[in-house]
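The chain contents come next:
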Amino acid sequence: MSKKFTLNVDGKSHVIEADPDMPLLYALMNDLEKKGPKFGCGLAQCGACTVIQDGVAIRSCVTPVSAVTGNIRTLDSIGTKENPHPVQKAFIEEEAGQCEYCINGWLMTAVAFLEENPKRTDAEIRDLLAGLQCRCGTHMAILRSVRKAADEMAG
Amino acid sequence: MLEELTEIKIARRDLLVNSLKGGGALVLGCSLPIDALMAQTSDAFPAARDLDPSKLGTWIAVHQDSSVTVYWGKMDMGQGVDTAIAQLAAEELDVNIERVNTFFGDSFVAVDQGGASGSTGCSNSGVALRQAAAEARLVLVEKASARLGVPVEQLTVNDGVISAINDASKKISYGDLIGNDFSTVSLEWNGRYGNGLGLKGRAKIKDFSEYKVVGTSVGRKDLPGKIIPETEFAAHVRVPGMLHGRMVRPPSAGATIASVDKASISHIRGAQVVVEKDFIGVVAENEWDAIKASRELKVNWDESDAGFPTTSDELHDYIRQADVEKSEADTEIGDVDATISGSGHVVKAEYEWPFQTHARMGPALGVADIKGGEGTVWTDSQKFYDGAILAAKFMGVFEKDKEVPVRAIWAPGPGSYGRSDSGDGVADAIVLSMKTGAPVRVQWMRSEGHAWDPKGPASVISTRGAIDSSGKVTAYDYHLKGFSRQDVSSREDGPGETLAGHLLGHDRPRRWTMQQPANSYGFENKRHRWSSIKSLRDMASPLRTSHFRDPYGPEVHFASESFIDELAYATGDDPVAFRLKYVTDPRDTAVIKAAAELANWEPRTAPRKLKGADGVLIGTGISYAQRNNATNAVVAEIEINPRTGKIWVRRFFVGSDYGLIINPFTLDRTIEGNLIQSTSRTLFEEVRFDRKTVHAVDWASYPILQSVDTPEEVKITKINRPELGPKGAGEPVMRVVPAAIANAVFDATGVRIRKIPLTPSRVKAALDMA
Ligand code: FES
Ligand code: FES
């Protein structure tokens, strides 16, 4: 049975009506018309749907709307063309990604762990990004970008 | 790669378009903010244009602010090809790159140049548009000459301002010359659509020595909008009144529908079943409801004739024994059989490659709005023009050489590497829209994206070589036996080529197309043969095969370049020296030398079996191949964990030659993407199946390369040959990687593994046997 839920997303509160078990991703794509999170697997296996809840990267494709308790940040709100997030800036400068369908996952995962602590070794970055998929095989440029953003954020 | 071209004119349909959505407002020669032009949302179409390929205005528009729109009939999926097209046009027109926008992705606005296909974006369509741009410049300069009273030879152009060389006060901008309409200017068109479309004109192409924009690293134009994210992907398309669709797939390959319990989803809001023959899907207003309905719908399947005649474990023996449908020799020089039977030293080897899935990052997505004999389809397919033809054929309104009453609109989606599932997703949307009378958006689920896309073909490759007493290779024999690379066409322009069409019982063509090695080895006796076999199920098979990035390239060259390595060692030669001895094309020599030099190649005539810290086994291997006038050599440096058998490619060294380099920065990334995807296919990827069904259904059952497996370094030497013009770079290096890695395994261990993928268990087993 559908119910009303209040979602706090990108600094705004939205009331949506949905089944309690509907994954957050569908609310983000259909009700809130966010452009960042994508459907890749619906199985928590790829990261394309990643959003940040209270500082932690989560996979919105397996997070029921009824379980969303905190403030959600999506890629749509982390930066603008004039003032991109350091991770976005690095991804653009390095031309990371090709189709960019996966890129939301890599970006948002990196934003979460770099905002928590930007001082990361290359090995840590590789480990923290494990479990994200990129079928275009753009891992080299992604890793260069995250390194660059980490260095910039660490100051 | 040759595409089978459908010679169809997708032409002007202003009335239809305007009646559909109110139309946009692009008028040739008028300035229009490019953002408005590019805003291809579902409710704001640009107006349809006259698409006569022999008219300059079809290809290029110059606006009042001297900005330029180039109309391109392919599309880019993140390799920066649209940016490269803009560079080529900016160069010929003598305008700054910022002024040029490449418009693509609408069958009513840009002529069909084949979609993304065979890495021909720059080499074919770019060369045609370059001619159009040169022609546009010539027309504008002639017009300026008349206006300014200065002869053409005494005029120069700088960022769209034409001025007299001797008198800078005599000048006029492109924008000020508007009023001239390129639609009256003729070009010589070769009469072909698709990849082969060619244009000629009066204008002379700029000499490469004068290049200012081509050869520079202009940033990808599409990128900021995808990272900031403002770009509308196909997945974001929403049409008023649209229903969400999901397909229902059988539990085994080829199971048919015995009965459907429609009441089983009656508790789900607005959910409806759409069923005809063995095509079955559900629609609902709300996406989650459609997903639930597809999961909860009860279908009784008849599995009496379902399944496959073999399994992934027995596949290669099955291929060896299978009846041959068609066999040919693509290359036959000298007398291979006689030389081999008369030789005292014959080397033989057999190589095996599994089925692989495209497994796009997002599974298939299609939106279709079919009404009253007309319609629109939205797709992320790399052959999006075919979506319109496909819809018209499903609707029964297709007539050869007539305008197609369906508009196909492309929007970005997950990267696509050949004939993926995207064409099948569009077909599902078309059928669901026709049956419900509503616009329908179909999103496949992950399991469909892995299990139900057309697969890269499996094969067995047998090789033989004869060596004389002086150590010279006197004969080389190569035989590829496997599934056709066009069991379903790489085009998506007919119901019989799609899963939906198969489920609905449409006739389907059968094609036996394969591939041969591409190299310049000058063996006196040399033969490349192939034999094509039937697919494991004729209709609606999850193991139907088609193009998967660099169709048959990785498979064929894994075998041919592994065997070249085997021949090198058998003749007592170093693998690099051996290749240099036998290649006959100087461009091949140059890339092999470049890769070897980058890698500090250490000559060897036996595997070196080097050991590093913790006992890791270290090796390097080389491989090289041509592809459509591009050529690449790759050295892979690998480490093997002897306890687990896990391979890590630590470094790649690449020597590449793609003719003219248009954009070095983006080219590096295109090369890297190929190296990584090919490494993933070499090390990890195999579609597992049993006699019932396919078991590659997600990223756990079909893992690909992860961040932790990424090489530490990729070094590339790019040889620029501007005199040759651009050769495609989208996929040629894909085919070089597998043998480079396998040859490195041999150097590290002394063991030859002739079966892909080189999984830890396979490598460990081989090491234990050695
Ligand atoms: S879509 Fe959520 S992890 Fe893949
Ligand atoms: S950029 Fe295409 S999947 Fe990662």
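Since the structure is predicted, the reported quantities are computational estimates derived from the model, not experimental observations. (Residues numbered from 1 in each chain as written. Chains lettered and ligands numbered in written order. Predicted model: local features only at pLDDT ≥ 70, side-chain atom pairs only at ≥ 80, totals over all residues. Heavy atoms only, no water.)

In terms of helices and strands, chain A carries five helices and five strands. Taking the principal axes of its C-alpha atoms as reference, chain A extends roughly 45 × 30 × 25 Å. Of the contacts formed within chain A by residues at least 6 apart in sequence, a portion of 56% connects residues at least 24 apart. As displayed, chain A has an accessible area near 5700 Å², and 49% of this comes from carbon and sulfur atoms. Positive and negative charge centroids in chain A, built from 17 and 20 side chains respectively, lie 1 Å apart. (Helix = DSSP H or I, 4+ residues; strand = E, 2+ residues; numbered from the N terminus. Contact = heavy atoms within 4.5 Å. Areas by Shrake-Rupley, 256 points an atom, 1.4 Å probe, with all protein chains shown as cover. Lys, Arg positive; Asp, Glu negative; His and termini not counted. Charge placed at Lys NZ, Arg CZ, Asp CG, Glu CD.)

If you walk through the whole model with that rule in mind, you get five cavities of 30 Å³ or more. In this structure, the second largest cavity spans a volume of roughly 40 Å³. Taken together, Glu-95, Gly-97, Gln-98, Gly-137, Thr-138, Met-140 and Ala-141 of chain A together with Arg-669, Glu-672 and Gly-673 of chain B make up the full set of residues lining the second largest cavity. Among the elements that make up the lining of the second largest cavity, the one with the highest residue count is helix α16 (residues 664–683) of chain B (three residues). (1 Å grid on protein atoms, 1.4 Å probe; cavity = no way out; pocket = protein on both sides within 12 Å on 5 of 7 lines; lining within 4 Å. Points joined across faces, edges and corners; volume = space filled by probe spheres on them.)

Attention now goes to the sheet that holds strand β12 (residues 279–284) of chain B. Residues and elements named next belong to chain B. One open sheet holds the seven strands; their spatial order is β11-β12-β9-β20-β17-β18-β19, and the pairing between them is mixed. The open sheet has two edge strands, β11 (272–276) and β19 (406–410), and neither has a second partner. Neighbouring strand axes in the sheet, compared pairwise and without regard to direction, differ in orientation by 20 degrees on average. With four bridges connecting them, strand β17 (residues 365–371) and strand β20 (residues 440–443) associate as antiparallel partners. Within the sheet, the bridge partner assigned to Gly-366 lies in β20 and is Val-442. (Pairing = 2+ DSSP bridges. Axes fitted to C-alpha atoms, helices over the stretch in contact; angles between N-to-C directions.)

Residue and element names in this part refer to chain B. Burial along β20 is two-sided: Val-440 and Val-442 and Arg-441 and Gln-443, pointing in opposite directions, are all buried. The sheet contact formed by strand β9 (residues 243–247) and β20 spans three bridges and is parallel. Paired with Gly-245 across the two strands is Val-442, which belongs to β20. (Buried < 20%, exposed > 50% of the residue type's maximum accessible area, 1.4 Å probe, protein only.)

Moving on: the packing of helix α3 (residues 103–116) of chain A against helix α5 (residues 139–154) of chain A. Residue and element names in this part refer to chain A. Close contact between α3 and α5 brings their axes to 11 Å; oriented N to C, the two are set at 25 degrees. By the angle between their directions, the pair α3 and α5 is classed as roughly parallel. The interaxial crossing formed by α3 with α5 has right-handed handedness. Residues Ile-103, Trp-106, Ala-110, Phe-113, Leu-114 and Glu-115 of α3 pack against His-139, Ile-142, Val-146, Ala-149, Ala-150 and Met-153 of α5. The residue makeup of the contact of α3 with α5, split by class, is ten nonpolar, one polar and one charged. (Parallel < 35°, antiparallel > 145°, perpendicular 65-115°, else oblique. Left-handed = near helix turned anticlockwise from the far one by under 90°. Nonpolar A, V, L, I, M, F, W, Y, C, P; charged D, E, K, R; others polar.)

Okay, the confidence of the model for chain B next. Detailed reading of the predicted model is not advised wherever pLDDT is low. Model confidence for chain B is summarised by a mean pLDDT of 92, while 94% of its residues fall at 70 or above. Segment residues 1–43 of chain B: pLDDT under 50, and 122 contacts once partners within four positions in sequence are set aside and those in other chains are kept. (pLDDT = per-residue confidence, 0-100.)

Attention shifts here to the sheet that holds strand β25 (residues 610–611) of chain B. Residue and element names in this part refer to chain B. In spatial order, the strands read β25-β26-β27-β28-β29; together these five strands make up an open sheet with mixed pairing. The open sheet has two free edges, formed respectively by β25 and β29 (713–719), since each of these has just one partner strand. Sheet topology places β25 next to strand β26 (residues 617–627); two bridges connect them, and they run antiparallel. Each bridged residue has a counterpart across the sheet, and for Leu-610 the counterpart in β26 is Ile-618. Of the strands in this sheet, β27 (630–640), β28 (647–657) and β29 touch α16, which is tilted by about 135 degrees from β28.

With that out of the way, let us pick up the interface of chain B and chain A. A common way to express how large an interface is: the accessible area buried when the components associate. Listed by partner, the interface residues are 71 residues for chain B and 57 residues for chain A. Together chain B and chain A conceal approximately 5000 Å² of surface at their shared face, both sides included; 57% is due to carbon and sulfur atoms. Considering only the surface of chain B that becomes buried against chain A, Ile-227, Trp-288 and Met-361 of chain B emerge as the three largest contributors, covering 16% of it. Applying the counting criterion to the chain B and chain A interface returns seven salt bridges. Here Arg-269 of chain B and Asp-19 of chain A are joined by a salt bridge, their closest N and O atoms 3.6 Å apart. Viewed at the interface, chain A and chain B are joined by 30 residue pairs in polar contact (both at pLDDT 80 or more). Only α5 (223–227), β9, α6 (287–296), β20, α16 and β29 of chain B provide two or more residues apiece to the side of chain B that touches chain A. With nine residues, α16 of chain B is the largest single contributor of residues to the side of chain B that touches chain A. Class assignment for the residues of the side of chain B that touches chain A results in 30 nonpolar, 21 polar and 20 charged. (Buried area = accessible area lost by both parts, 1.4 Å probe. Salt bridge = Lys/Arg side-chain N within 4 Å of Asp/Glu carboxyl O. Polar contact = N/O pair within 3.5 Å; in protein donor to acceptor, adjacent residues only side chain to side chain.)

Further remarks concern helix α4 (residues 121–148) of chain B. Residue and element names in this part refer to chain B. Between its terminal C-alpha atoms α4 stretches 38 Å, which fits the 40 Å expected from 28 residues at 1.5 Å a residue. Bending of α4 peaks at approximately 30 degrees at the position of Val-127. Among the 28 residues in α4, 20 count as buried, and that is most of the element. Just downstream of α4, Gly-149 is the residue with a positive phi angle, here 70 degrees. (Expected span 1.5 Å × (residues − 1). Bend = angle between axes of the 7 residues up to and from the residue.)

With that out of the way, let us pick up the nonpolar core. A general tendency of soluble globular proteins is for nonpolar side chains to be buried together. Judged by nonpolar contacts, the single largest core of 187 residues is most densely connected at Phe-91 of chain A together with Ile-60 and Ile-162 of chain B. The element contributing the most residues to this core is α4 of chain B, with eleven residues. There are two domains that each give this core at least three residues, and those are domain 1 (3–75) and domain 2 (86–154) of chain A. Once residues lying within four places of it in the same chain are set aside, the contact partners of Ile-162 of chain B are Leu-140, Val-141, Ala-144, Leu-148, Leu-155, Thr-156, Val-157, Lys-170, Lys-171, Ile-172, Tyr-174 and Leu-177 of chain B. Met-140 of chain A together with Tyr-476, Leu-567 and Leu-617 of chain B belong to the second largest nonpolar core, which has 77 residues in total. (Core = buried A, V, L, I, M, F, W, Y, C linked by side-chain atoms within 4.5 Å. Domains from an automatic or database assignment.)

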